[in-house]
Amino acid sequence: MTRRVRRKGPQSKDKEKTIAPGHSGIGDESTSSERDGEVDWTSLPDDTVVQLFSCLNYRDRASLASTCRTWRALGSSACLWNSLDLRAHKCDATTATSMASRCVKLQKLRFRGAEAANAIINLQARGLREISGDFCRDISDATLSVMAARHEALESLQLGPDFCDRISSDAIKVVALCCLKLKRLRLSGIRDIDGDAINALAKNCGQLTEIGFMDCVNVDEVALGNLVTVRFLSVAGTRNIKWSSASQIWSKLPNLIGLDVCRTDISSSAVSRLLSSSQSLKVLCALNCTLLEEGGNYMAYNHKGKLLLALFNDIFKAVASLFADITNNDRSVFSDWRNLKIGDKSLNELMTWLEWILSHSLLRIAECNPQGLDSFWLRQGAALLLNLIQSSQEDVQERAATGLATFVVIDDENATVHCGRAEAVMRDGGIRLLLDLAKSYREGLQSESAKAIANLSVNAKVAKAVAEEGGINILAGLARSMNRLVAEEAAGGLWNLSVGEEHKGAIAEAGGVKALVDLIFKWPSSGGDGVLERAAGALANLAADDKCSMEVALAGGVHALVMLARSCKYEGVQEQAARALANLAAHGDSNSNNAAVGQEAGALEALVQLTCSQHEGVRQEAAGALWNLSFDDRNREAIAAAGGVEALVSLAQNCSNASQGLQERAAGALWGLSVSEANSIAIGREGGVAPLIALARSDVEDVHETAAGALWNLAFNPGNALRIVEEGGVPALVHLCSSSESKMARFMAALALAYMFDGRMDEIALIGSSSEGVSKSVSLDGARRMALKHIEAFVLTFSDPQTFYTAASSSAPAALAQVAEGARIQEAGHLRCSGAEIGRFVTMLRNSSSILKACAAFALLQFTIPGGRHAVHHAGLLQKAGAARVLRAAAAAATAPIEAKTFARIVLRNLEHHNVEPSL
């Protein structure tokens, strides 16, 4: 049966690619266009070249700088290297040292991970003013202390938003002693920030205006009252604060205008005290504060000119009250502020801080995904994030885009998104905003916006909007990025978009297939598991389309996917690679990919090996691939030679408690292999009969249907037929024959029973001692009677007495056509039988059992119905077997049942239709 598996789909911290300054990182994707004349780009004015370089990422700057001596000198201009973002690259001491000559005037640095943190001192950037790091869990006190000591001009230090478990108050004291010009300090997840550390900051950092101690375990709230220069304070997510004393002490801070207490256990009384007592406070941000929200006595957003931003208030309206004279639309308050360029420095500082605080808190809330916030997200949360992605602060834009990617996902395991939230983003113009952000030259914005587009595109309506807005071309372009993080998120977007049948062709036209295949070769399997899984998943979806599957093969996809199946140890990649190979092999009747996969070196061996994986998804997809590949004769034998029989029998034996998908594919793969009689015998010898009988007892239609197909093939061999009887298979097949909702399962169960009791098994059963033979003979008689009874009942379900009487008494073609249509099992037209099988049914027409005669004629009717995929092939086999005379005899036999005679006449008519001479 040529049934194909065409399922469509639905992170780890990966090693990062090293950037080597001064060396090209550009791939082979660039194209050339016809030119009317040669252009000497090196003759451009110096200021034009510098401006051009400023619009490029660091990798491309380094690449172009290697073009000539002039550009190398211009590429080292200090104005091009006043900021540096190393997050997408592996930065060790060697890399940092090689970049040192360019970073003398470096002022702003962003990095990721402890290795990069340790390497920073090698940049020799003593004038650094801003340092921002994430993935800082492994950064130690020693690293932070050295960082502070070597960068005394530091004005802003930010580590987070993940927890900094290994940093203590000791390192904070070093920062206070070394960085006297510090203005902003934001730290996340510190276990303990004691009074000594806070007092050191208060004593030494006279310009300190912003403190953020977010998600810390313990913070000395009394000492925070000594930070008299601080204008903005955040303790979001910190749980140990004693609010009764904190509210009294902090309300006396003379310069405090912004306070962030989001995700804390602050009480309504403490909020009231702060708002009423502080003389300077303008904004108190208290999003997702459980005690405040559970009280029920919600407070107004404006309390004597002081704003309270909470989930139960209208945040847009509250912020708009700061600009009562310049905005008429609350929802546009952030954009109005940016566009009007208000000269009020204090207000600008407040709004800048507020954007950062809101983006941080909304992302944290989205990550926790607390219950009961649907109304907030739909009413204003989504709109807030969309406003924030238009911020002039790059880290706010990134965090807001990440928030959009996160808040729509309500089930990570099953990649489920909240339809209402996704469509709210779409209605507010979010798709265009995110796509514009994805076109930025800043790679951090590219990756986060691509992530948001990818997650939102799980929703079919949003996916359509993304495609209509040109998102497929944008994502295909980003998938070619040399930045692994960008390429990974772009591949994820193409993966989700490729679920929709209507988008597959557009992805191929945009060059997405080649970009995805190239990704597999671009990153080694040991360092790019995330990007490899997404690329393979997208290719798996695309391969389910006939035309796109050929594109995948032409682009080198077969080799790429087999390489993953053979060498990658990451289970997610293995699963998607196997699924992609399964879908590539699912078009055996329309292209040559099935054979191509089988001929790829190591492909079959790798898939056989994957059926032994500890991960169920990998086993399932590998079995599905082997099932599809087994429809090619050469593949079938090669799979067996690679140990496929033993592996698949073992899989079937151990999948009784597995998912329905795995059970179906395990049985299906054995069904495919058992088309070969040699394989069929091997399956029986390896113990494959018993697990297939167990699967045949499944209540799940897809499972018992494939098991029935496998048992039908196995029953062709008399030895296997006896094994089926001995293992209790007759009752299981009888049950399927009479009770399954699947006509195909009932049909194949009936054929299996017919094979078993057409007389060929009797000789095998009688081998042995006479007493054993008598025992088995008696047992077989009972099983035979049961089988024939239910075969007859099955055939009669396709027999309408009136229609059969009319057909028997009339030679009119219409009467036979009516019978044929009523007896037709649509799926049976996809079955392909061998000459031996056809010959066996022809022999069965001569059997003394009228039931077996009727069953044989019914089967041949299914195999020769015009329009069936293999009907012409079967008609030719019947001709070679000399079936016409036997069919005529069956049609004319006086003692034959009317069903056998009528079905035989229809088969003769089918042979005439296929231009096979029935008189032969």
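Rules used throughout
Residues numbered from 1 in each chain as written. Predicted model: local features only at pLDDT ≥ 70, side-chain atom pairs only at ≥ 80, totals over all residues. Heavy atoms only, no water. Helix = DSSP H or I, 4+ residues; strand = E, 2+ residues; numbered from the N terminus. Expected span 1.5 Å × (residues − 1). Buried < 20%, exposed > 50% of the residue type's maximum accessible area, 1.4 Å probe, protein only. Axes fitted to C-alpha atoms, helices over the stretch in contact; angles between N-to-C directions. Parallel < 35°, antiparallel > 145°, perpendicular 65-115°, else oblique. Left-handed = near helix turned anticlockwise from the far one by under 90°. Contact = heavy atoms within 4.5 Å. Nonpolar A, V, L, I, M, F, W, Y, C, P; charged D, E, K, R; others polar. Phe/Tyr/Trp six-rings, centres within 6.5 Å; stacked < 30°, edge-to-face > 60°. Pairing = 2+ DSSP bridges. Right-handed = clockwise from strand over helix to strand, strands pointing away.

Enquirer: Just checking my understanding: could you explain helix α29 (residues 571-584) for this structure?
Expert: Turn by turn, an α-helix covers 3.6 residues, leaving residues three or four places apart pointing in a common direction. Spanning 14 residues, α29 covers 20 Å between terminal C-alpha atoms, matching the ideal 20 Å at 1.5 Å per step. Where burial is concerned, most of α29 is hidden: 13 out of the 14 residues are buried.

Enquirer: Explain the packing of helix α38 (residues 701-715) against helix α41 (residues 743-756) here, please?
Expert: Between two packed helices, both the angle of their axes relative to each other and the distance between the axes serve to describe the pair. The N-to-C vectors of α38 and α41 enclose an angle of 20°; their axes lie 8 Å apart at closest approach. Classified by the angle between their axes, α38 and α41 sit roughly parallel to one another. Crossing geometry of α38 relative to α41 is assigned as left-handed. Seen from α38, the contacting residues are His-704, Glu-705, Ala-708, Gly-709, Leu-711, Trp-712 and Ala-715; seen from α41, they are Met-744, Ala-745, Met-748, Ala-749, Leu-751, Ala-752, Tyr-755 and Met-756. Partitioning the contact of α38 with α41 into residue classes produces twelve nonpolar, two polar and one charged.

Enquirer: Any chance you could explain the packing of aromatic side chains here in plain terms?
Expert: Aromatic rings in a pair are described by how distant their centres are and how their planes are angled relative to each other. Across all of its chains, the model carries 16 aromatic pairs by this definition. Relative to Trp-353, the ring of Phe-232 lies with its centre 5.2 Å away and its plane at 25°, an arrangement referred to as stacked. Residue Phe-232 is located in strand β11 (residues 232-234), and its partner Trp-353 is located in helix α15 (residues 345-368); the two are separated by 121 residues in the primary sequence. Owing to a relative accessible area of 5%, Phe-232 belongs among the buried residues under this scheme. Its relative accessible area of 2% is what places Trp-353 among the buried residues.

Enquirer: For this particular structure, what's the right way to read the pairing of strand β6 (residues 156-159)?
Expert: Within a regular beta strand, the side chains point alternately toward one face of the sheet and then the other, so they alternate between its two faces. Taking every second residue as pointing to the same face, both faces of β6 are buried, with Ser-156 and Gln-158 on one and Leu-157 and Leu-159 on the other. Summarising the sheet, strand β5 (residues 130-134) and β6 pair through four bridges and their orientation is parallel. Across the sheet, the residue bridging to Ser-132 is Gln-158, located in β6. Taken together, β5, helix α6 (residues 141-150) and β6 form a β-α-β motif whose crossover is right-handed.

Enquirer: Looking at this model, I keep getting lost on the sheet that holds strand β14 (residues 302-303). Mind explaining?
Expert: Where strands meet in a sheet, backbone hydrogen bonds hold them as pairs that are either parallel or antiparallel. One open sheet holds the eleven strands; their spatial order is β2-β4-β5-β6-β7-β9-β11-β12-β13-β15-β14, and the pairing between them is mixed. Either end of the sheet is taken by a strand with one partner, and the two such strands are β2 (83-85) and β14.

Enquirer: Please explain the environment of Phe-111 as it appears in this structure.
Expert: For Phe-111, the location among the structural elements is in strand β4 (residues 108-112). Owing to a relative accessible area of 0%, Phe-111 belongs among the buried residues under this scheme.

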